[in-house]
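Tertiary structure, described
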Amino acid sequence: RGIPDRFRGKVWLYGSGAMFKSAAHPTLYRNLLQAHEGEKTQATEDIEKDLHRSFPEHPKYQTDKGINELRNVLTAYSFHNPSVGY
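Before going into details, it helps to say that this report is about the structure given with it. (Residues numbered from 1 in each chain as written. Predicted model: local features only at pLDDT ≥ 70, side-chain atom pairs only at ≥ 80, totals over all residues. Heavy atoms only, no water.)

1. With respect to the overall build of the protein chain
Check the secondary structure of the protein chain and you find five helices and zero strands. Mapped in sequence order, the helices and strands of the protein chain form the string α-α-α-α-α. Each principal axis of the C-alpha distribution contributes one length, and for the protein chain these read about 40 × 35 × 20 Å. Going through the 86 residues of the protein chain one by one, you find that 17% of them count as buried. For the protein chain, the share of sequence-separated contacts (at least 6 apart) that also reach a separation of at least 24 residues comes to 52%. In the protein chain, which carries 12 positive and 10 negative side-chain charges, the distance between the mean positions of the two groups comes to 10 Å. (Helix = DSSP H or I, 4+ residues; strand = E, 2+ residues; numbered from the N terminus. Buried < 20%, exposed > 50% of the residue type's maximum accessible area, 1.4 Å probe, protein only. Contact = heavy atoms within 4.5 Å. Lys, Arg positive; Asp, Glu negative; His and termini not counted. Charge placed at Lys NZ, Arg CZ, Asp CG, Glu CD.)

2. Remarks on the packing of helix H3 (residues 28-35) against helix H5 (residues 64-80)
At a minimum axis separation of 9 Å, H3 and H5 run at an interaxial angle of 85°. In terms of orientation, H3 lies roughly perpendicular with respect to H5. Between H3 and H5, the contacting residues are Leu28, Tyr29, Leu32 and Leu33 on the first element and Glu69, Asn72, Val73, Thr75, Ala76, Phe79 and His80 on the second. Tallied by class, the residues present in the contact of H3 with H5 amount to seven nonpolar, three polar and one charged. (Axes fitted to C-alpha atoms, helices over the stretch in contact; angles between N-to-C directions. Parallel < 35°, antiparallel > 145°, perpendicular 65-115°, else oblique. Nonpolar A, V, L, I, M, F, W, Y, C, P; charged D, E, K, R; others polar.)

3. Structural notes on the environment of Lys21
If you trace the backbone, Lys21 turns up in helix H2 (residues 18-24). Separated by 24 residues in sequence, Lys21 and Glu45 have C-alpha atoms that sit 28 Å apart.

4. Some details on the side chain of Thr44
Structurally, the position occupied by Thr44 is in helix H4 (residues 42-50). Excluding its chain neighbours within four sequence positions, the residues that come into contact with Thr44 are Glu39, Thr75, Ser78 and Phe79.

5. Re a nonpolar patch on the surface
Residues Trp12, Leu13, Tyr14, Met19 and Phe20 make up a contiguous nonpolar surface patch of about 580 Å² in total accessible area. Among the elements of the structure, helix H1 (5-16) and H2 are those that each provide at least two residues to the nonpolar patch. Here the element with the most residues in the nonpolar patch is H1; it accounts for three residues. Structurally, the position occupied by Tyr14 is in helix H1. (Patch = residues over 30% accessible without salt bridge, like charges linked within 9 Å, V, L, I, M, F, W, Y side chains within 5 Å. Areas by Shrake-Rupley, 256 points an atom, 1.4 Å probe, with all protein chains shown as cover. Salt bridge = Lys/Arg side-chain N within 4 Å of Asp/Glu carboxyl O.)

6. Considering the environment of Glu45
Mapped onto the fold, Glu45 is located in helix H4. The sequence separation of Glu45 and Thr75 amounts to 30 residues, and the corresponding C-alpha distance is 9.9 Å.

What follows is the structure, encoded as structure tokens:
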């Protein structure tokens with residue numbers, strides 16, 4: 001059964017350390033998206049190809065809003081850690 005769905009996000013943020021990194025760098029995500037808005041790289045092209053193939057059964061990613069949120073997270077990470085890409 002695992003962790004109930006309603007707690008998974010918070011448990012992941014805490015367990016991964018993301019909660020603490022976010023607190024230490026509160027504008028990093030937004031700044032990455034703004035600084036690279038409209039930029040095309042191999043990673044952003046790959047992200048666009050994969051968006052509709054990622055989590056095809058997950059209800060969150062069946063809407064334009066959900067797809068855009070996924071795009072933003074993957075894009076920000078690709079610019080934050082370009083040696084890895086996405």
